[in-house]
Amino acid sequence: MRFSVIILFCLCVFAWAEWNSEDVHRLFIKRVNLKPGVYTGKLESVMDSAGLSVVYEYHRLLGDMYRPTVTSANDFGSHSRYSKHYLNLALDFRINDVPQNKRAILVENIRKSLGKRFLVLWESQGGKNEHVHVEFIRD
Ligand SMILES: [Zn+2]
């Protein structure tokens, strides 16, 4: 697993030598479904990179054909007042279409993959709005 992350990191570093941040954003958007109304137009670059890591973790657990759905970026009026969503530093990923017995593993894998720079929360567990919240907390 560590080896895969290192390979992914090296590929990203290599890719960034050729790609600009808009290319990385486009790649991320191509790898996910966006729930209608989700706005990612001003997403910070760090979230595109994190988003690709999240996609990788979905693929590792559910297969490469799985396409995660982003249910919120900077678009939803009911986040808490100081939510990172309004700073383009948070993403929500749908998890209620993931088999029940794989959800905890997925959340833990995302948490490990993103490390201490990110806060990963499994929100509304068991509810209609169940999702994984990923936010950037520090450099
Ligand atoms: Zn959120």
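Residues numbered from 1 in each chain as written. Predicted model: local features only at pLDDT ≥ 70, side-chain atom pairs only at ≥ 80, totals over all residues.

An unreviewed UniProt entry lists the protein under the name Peptidase M15, with Hallerella porci given as the organism.

Quick look at the environment of Asn 109 now. Note that Asn 109 resides in helix α4 (residues 100–114). By C-beta crowding, Asn 109 is classed as buried, having 20 other C-beta atoms within 10 Å. Separated by 49 residues in sequence, Asn 109 and Arg 60 have C-alpha atoms that sit 9.5 Å apart. Those residues in contact with Asn 109, other than ones at most four positions away along the chain, are Glu 57, Arg 60 and Leu 61. (Helix = DSSP H or I, 4+ residues; strand = E, 2+ residues; numbered from the N terminus. Buried ≥ 20, exposed ≤ 12 C-beta atoms within 10 Å, placed from the backbone. Contact = placed C-beta atoms within 7 Å.)

This next bit is on the nonpolar core. Judged by nonpolar contacts, the single largest core of 23 residues is most densely connected at Val 54, Leu 91, Phe 93 and Val 134. Taken together, the elements giving at least two residues each to this core come down to α3 (45–62), β3 (90–94), α4, β4 (118–123) and β5 (131–136). A per-element tally of this core places α3 first, with 5 residues. Once you skip the residues sitting within four places of it in the chain, Phe 93 turns out to touch Val 54, Pro 68, Thr 69, Val 70, Thr 71, His 131, Val 132 and Val 134. (Core = buried A, V, L, I, M, F, W, Y, C linked by C-beta atoms within 7 Å.)

Next up on the list: α3. The end-to-end C-alpha distance of α3 is 26 Å, a good match for the 26 Å that 18 residues give at a rise of 1.5 Å each. Those residues of α3 not exposed but buried are Met 47, Asp 48, Ala 50, Gly 51, Val 54, Val 55, Glu 57 and Tyr 58. The inward-facing, buried residues of α3 contact α2 (21–30), β3, α4, β4 and β5. Within two residues after α3, Gly 63 carries a phi angle of roughly 100 degrees, on the positive side. (Expected span 1.5 Å × (residues − 1).)

For the rest of this paragraph, the subject is the environment of Val 24. The residue Val 24 is located in helix α2 in this model. The partly exposed category is assigned to Val 24, around which 18 C-beta atoms lie within 10 Å. Put simply, Val 24 and Ser 45 are 21 residues apart on the chain and 7.9 Å apart in space, counted from C-alpha to C-alpha. Residue contacts for Val 24: discarding those within four places in its chain leaves Trp 19, Ser 45, Asp 48 and Ser 49.

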